[in-house]
Amino acid sequence: MTQHQSSIRRLSELGLLSALLILLALTPLGYLHLSVCSITFCMIPVAIGAARYGSAAGAGLGALFGATSFLQCFGGNPMSTALFSIQPIRAVLLCFVPRIAMGFCTGLLDRILWKRCTILSIRYALTGLCAALFNTIFYVTALLLLFRNTDWIQNSWNTLAPGKPIFAFILAFVGGNALAEAVVSAVFTSVICTRLEAT
């Protein structure tokens with residue numbers, strides 16, 4: 001494959017991944033809304049792009065993921081809407097920074113795995129798994145840094161883990177969600193990236 005063909009393929013794949021991310025974000029497939037928070041699978045196109053084309057592509061797709069997350073602040077998700085009404089600028093940071101960091105770090109991790117894991121399906125599964133974990137870790141960290149002292153977080157803390165330390169609140173808040181996201185992301189990233197690699 002020539003450099004020109006490689007560039008066209010890269011642009012085509014990143015365009016398709018961007019379209020897929022937007023499709024996920026605009027349908028119930030991307031955000032499964034629960035009582036307080038959401039399970040999201042929008043990190044999967046980001047993980048695929050980062051695995052295929054590195055940190056810059058991951059960060060760019062992460063920014064698009066952040067933009068779709070920001071749209072949730074306008075009535076799409078009760079938590080996002082509440083946080084935006086409390087501190088709009090912090091809500092914007094919460095939407096974008098963790099997702100960009102997730103895409104960037106996923107690309108870095110995949111390059112490390114590329115040197116150490118020769119089985120493509122396992123490498124890509126680990127990349128997808130870690131993308132979901134990065135998304136959760138970065139998002140929850142940013143949420144606590146930016147909104148920990150707000151009434152919304154305090155009330156949620158008292159509801160989900162009354163009288164318990166912040167760690168218990170985090171487990172109650174994201175425990176099952178993070179596991180579901182990680183498993184689905186690992187499977188889809190592995191299957192799609194392995195198929196693309198074979199073509």
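Computed from a predicted model, the values in this text were never measured in an experiment.

## Regarding the packing of aromatic side chains
1) Next: Applying the stated criterion across every chain yields a total of five aromatic pairs.
2) Next: Ring centres 5.2 Å apart and planes at 90° place the aromatic pair Phe-70 and Phe-74 in the edge-to-face group.
3) Next: The class for Phe-74 is exposed, based on a relative accessible area of 52%.
4) Next: Judged by centre distance (6.4 Å) and plane angle (40°), the ring pair of Phe-70 and Phe-96 falls under tilted. A residue pair is termed long-range when its members are at least 10 positions apart, and Phe-70 in helix 3 (residues 55-71) and Phe-96 in helix 5 (residues 88-116) qualify at 26 residues.
5) Next: Looking at Phe-70, the relative accessible area reads 21%, which means it is partly exposed.
6) Next: Aromatic rings pair up to connect Phe-70, Phe-74, Phe-84 and Phe-96 into one cluster.

## Some words on the packing of helix 4 (residues 78-86) against helix 5
1) Next: Put simply, helix 4 and helix 5 touch, their axes get as near as 5 Å, and they point 135° apart. It follows from the interaxial angle that helix 4 and helix 5 lie oblique. Contact residues: helix 4 offers Leu-83, Phe-84 and Ile-86, while helix 5 offers Pro-88, Ala-91 and Leu-94.
2) Next: Its residues assigned to classes, the contact of helix 4 with helix 5 comprises six nonpolar, no polar and no charged.

## A short note on the packing of helix 3 against helix 5
1) Next: The contact between helix 3 and helix 5 brings their axes to 7 Å, and the two run at 155°. Looking at the two axes, helix 3 sits roughly antiparallel to helix 5. As helix 3 runs across helix 5, the sense of the crossing is right-handed. Judged by residue contacts, Ser-55, Gly-58, Ala-59, Gly-62, Ala-63, Phe-65, Gly-66, Ala-67, Ser-69 and Phe-70 of helix 3 engage Val-92, Cys-95, Phe-96, Arg-99, Ile-100, Met-102, Gly-103, Phe-104, Gly-107 and Leu-108 from helix 5.
2) Next: In terms of residue class, the contact of helix 3 with helix 5 is made up of 12 nonpolar, seven polar and one charged.

## Some details on helix 3
1) Next: Under the 1.5 Å per step criterion, the end-to-end length of helix 3 is 24 Å for 17 residues, consistent within 8% with the ideal 24 Å.
2) Next: Regarding helix 3, the residues found buried are Ser-55, Ala-57, Gly-58, Ala-59, Leu-61, Gly-62, Phe-65, Gly-66, Thr-68 and Ser-69.

## Looking at the pattern of salt bridges
1) Next: Enumeration over the complete set of coordinates arrives at five salt bridges.
2) Next: For the salt bridge of Glu-13 with Arg-9, the shortest nitrogen-to-oxygen distance reads 2.8 Å. Taken together, the residues Glu-13 and Arg-9, both in helix 1 (residues 3-26) and four residues apart, mark about one turn of the helix.
3) Next: The closest approach of N and O atoms between Asp-110 and Arg-123, which form a salt bridge, is 2.6 Å. Here Asp-110, found in helix 5, pairs with Arg-123, found in helix 6 (residues 120-147); they are 13 residues apart in sequence, far enough to count as distant.
4) Next: Among the residues examined, Arg-123 registers a relative accessible area of 5% and is labelled buried.
5) Next: Three or more residues joined by partner-sharing salt bridges are found here, namely Arg-9, Glu-13, Arg-52 and Glu-197.

Analysis parameters
- Residues numbered from 1 in each chain as written.
- Predicted model: local features only at pLDDT ≥ 70, side-chain atom pairs only at ≥ 80, totals over all residues.
- Heavy atoms only, no water.
- Phe/Tyr/Trp six-rings, centres within 6.5 Å; stacked < 30°, edge-to-face > 60°.
- Buried < 20%, exposed > 50% of the residue type's maximum accessible area, 1.4 Å probe, protein only.
- Helix = DSSP H or I, 4+ residues; strand = E, 2+ residues; numbered from the N terminus.
- Axes fitted to C-alpha atoms, helices over the stretch in contact; angles between N-to-C directions.
- Parallel < 35°, antiparallel > 145°, perpendicular 65-115°, else oblique.
- Contact = heavy atoms within 4.5 Å.
- Nonpolar A, V, L, I, M, F, W, Y, C, P; charged D, E, K, R; others polar.
- Left-handed = near helix turned anticlockwise from the far one by under 90°.
- Expected span 1.5 Å × (residues − 1).
- Salt bridge = Lys/Arg side-chain N within 4 Å of Asp/Glu carboxyl O.

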